[in-house]
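# Survey of secondary and tertiary structure
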Amino acid sequence: MDHVYSSSFNDPWKSLCNVVEYSGIFDSEYRQPHSRCMKNTRVALREGIAQVLDQRDRTNIWLNGLAGVGKTSIAFTIAEEMKAANRLAATFFFSQKHSQKAAFIIPTIAYQLAIAFPRIREDIVKAVERDGMLLSPGKSRADQIRELVIKPLETLRFRQEPYVIIIDALDECFSSEEATRLVTLLSDALRSPDLPFIHVIFTTRPEPHILAVMPSPVYKILLTTHDKRTIRDVRFFLRVSLEKTRTTRPTVFGQPPIPWPSRKAFETLVFKAGGLFVYAAMAVNFISAAGHHPQERLDLLLRERSTVGADIDQFYRQIIATSEDPLTHCRMLASTIRLARPLRLAELQELFYVDNRNLAMMLEVFSPIILNDGVGKIEVYHASLHDFMSDPLRSKQYHINAAEAHQYLACCCLRFLLRGHPILSSSEHSSALDFQYLFLVLRTGLAYPDSRLPPTLFSDTIRRDRTLNSIVSSCFASLCDITIGSGRSHAVQLFLRHYHIGLRRHASLLPYPILAWSMHISLAHPSNELRVLLARFTDTTLQHWMQTLNNNRHTAFSREYCLTEASKTYLSLKWIRDPSDIVVAWRIHKALIYLQPTRLVFVLLPLTLSQVFYYSYNFLILNLAPWKLSPVVHFHDFVFILCTALVAYYSDLQSETES
């Protein structure tokens, strides 16, 4: 998630800006390239929607249809038209390409309302000022929409011009429960007669649970692949796009260009596309790809006959079949789709270091279905590819299950760490290093409120970054309130809010493998290759982390971040199968103990045998207590963990003796 950060966190408006999901705003740069309707397409449909939006009532619109029929393009075009007419209140476009969170949808809508209607900005700011936790993820959505949306909009209740809020692809990012809850929340809240006329446009797939909660009055539009007007628009899109290819490739088609394609070939392509705009768009990308003859690519698409139009699965299988090594490239494609966030080409090349040749080939072969300009982030062209790769009944022989993809990614991350990359060493990461250490010390102060942390301790760090200066000022003020017992509960809440804002501020500076290796391990199949790499990591790199902790205290947060999830995962029976796994599990936990923020201010000493027993019990409490097991099971687990610790302890002792 990307955020804009302020020069002062005491400003409620700046606090609101910090939690805005800018990737959800329809024309955000994070959503490039924008998908809009081609001129002279969807004309009748857009006119029908415009008629509903011109009504002075509270009729909502539900635009639904299968993936690839063009819902997002229609929603984007409507948003552009409403913005030009000064009638767009807010938008939120969900996307699997971005790490969007449900907790920040209402604040993002409130931010856009304040921009669209400057008159209510002050009301929104005052609401944030009154309740310091109004923007926090744990706050009730009902409270947020009441304070940030409903009450401010009541100021505009006498306006007669109708406005619109657009929520696109609601069902693609969250659970069905979260999606239906948001539909109900927005629809019920905006029906109040004390508000101006606001229509809400929802675009989703035709899911029954969405239909069940869609309140009346609602204008339902079902987009199908068999609609004659949709097929006509797809035909128009293909004609214009292929004509552009013909006239811009003089070395292929001559000057003046010869007629192309043939009538029969064009009609076959139109039939195969059916009413799926995404099929037509990716087919054009495939046919027009640089370095290939358009006619040969067209012949390849038309070679396999279809008994039904709009067969996107067949299209994907045809693209994959052009690869020299389909299974290897599908594994890399599936792994790219399973990344926690999209990466730039240089980041992917670093992650897939040992497979860079296959990465280059995969990106070339799959260029019609992958967005890659060599500069920005590499993303799939359409969400239907994710669905195709995830469903074995659709991808068939090309299916790569999620556990296998995460296993490959976990191995890549561990190889990155084993290559000896510093966690953070370049100058552009220096502020992140300082920030991490600073907040670990602040957390120490929070854990021990009787100790007073003098601000002079951080003066050198604070001077380096203006953003750090404001974050630390706010956090330290909250911390002082905690230590003197003044408004302790509220101060703790403020501290944690600024602390997590700061973590998001600098998390993007960390290399992807540092942030994600433990997450991929938790979801991976425990293959022999992965287990060997993890054993090597704990025996070399992890030991180096612990030995150099005092000299590189700033990186402690990064290391603790990595190890927390790994320690939980590696305790499971899925991973522990032999004594070597026991050693790995213990070393991960021991390293996590070393990296706890409350121990940073002390000199780290080697563990003694007596400490093994204590930390074994600590290991049990931290990792097994949440399971709420019976006392008997707890006892057996404790015995097992103690044995684990003893084996690991003597293994480490033997290694130290040999060295």
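Residues numbered from 1 in each chain as written. Predicted model: local features only at pLDDT ≥ 70, side-chain atom pairs only at ≥ 80, totals over all residues. Heavy atoms only, no water.

## Things to note about the side chain of Asp355
- Mapped onto the fold, Asp355 is located in the loop between α16 (345-351) and α17 (356-365).
- On the accessibility criterion, Asp355 (14% relative accessible area) is buried. (Helix = DSSP H or I, 4+ residues; strand = E, 2+ residues; numbered from the N terminus. Buried < 20%, exposed > 50% of the residue type's maximum accessible area, 1.4 Å probe, protein only.)

## Digging into the side chain of Thr59
- You can see Thr59 is positioned in the loop between α2 (43-53) and β1 (60-65).
- In terms of polar contacts, Thr59 uses its side chain to reach the side chain of Asp57, at 3.2 Å.
- Those residues in contact with Thr59 that sit more than four places away from it in its chain are Val52, His199, Pro217, Val218 and Tyr219. (Polar contact = N/O pair within 3.5 Å; in protein donor to acceptor, adjacent residues only side chain to side chain. Contact = heavy atoms within 4.5 Å.)

## Looking at the pattern of salt bridges
- Taken as a whole and assessed by the stated rule, the structure comprises 18 salt bridges.
- Close ionic contact of Arg419 with Glu350 constitutes a salt bridge, the shortest N to O distance being 3.1 Å. Of this pair, Arg419 sits in the loop between α20 (402-418) and α21 (430-447) while Glu350 sits in helix α16, and the two are 69 residues apart along the sequence.
- Taking relative accessible area as the criterion, Glu350 reaches 31% and is therefore assigned partly exposed.
- Within the structure, one salt-bridge network assembled from shared partners comprises Arg130, Asp143, Arg146, Glu147 and Lys151. (Salt bridge = Lys/Arg side-chain N within 4 Å of Asp/Glu carboxyl O.)

## A word on the environment of Arg205
- By the secondary structure assignment, Arg205 is in the loop between β4 (198-204) and α8 (208-213).
- Between the C-alpha atom of Arg205 and that of Leu63, which follows or precedes it by 142 residues, the distance is 8.4 Å.
- Excluding anything up to four places from it in sequence, Arg205 contacts Trp62, Asn64, Gly65, Ala67, Lys71, Asp171, Glu172 and Asp387.
- Among the polar contacts listed, one links the side chain of Arg205 to the side chain of Asp387, at a separation of 2.7 Å.

## A look at the packing of aromatic side chains
- Overall, the coordinates contain 13 aromatic pairs when judged by the stated rule.
- Each ring, one from Phe92 and one from Phe94, has its centre 4.7 Å from the other, and the planes form 50°; the classification is tilted. The pair formed by Phe92 and Phe94 is uniform in burial state, with each residue classed as buried.
- Judged by centre distance (4.9 Å) and plane angle (50°), the rings of Tyr279 and Phe315 are tilted. Here Tyr279 is found in helix α12 (residues 277-287), whereas its partner Phe315 is found in helix α14 (residues 312-321), with 36 residues between them in sequence.
- Assessed through its relative accessible area of 0%, Tyr279 is described here as buried.
- Grouping aromatic residues by their ring pairs yields a cluster made of Tyr279, Phe315, Tyr316 and Phe388.
- If you follow Arg121 out to its NZ or CZ, it ends over the ring of Trp13, 3.9 Å from the centre. (Phe/Tyr/Trp six-rings, centres within 6.5 Å; stacked < 30°, edge-to-face > 60°. Lys NZ or Arg CZ within 6 Å of the ring centre and 35° of its normal.)

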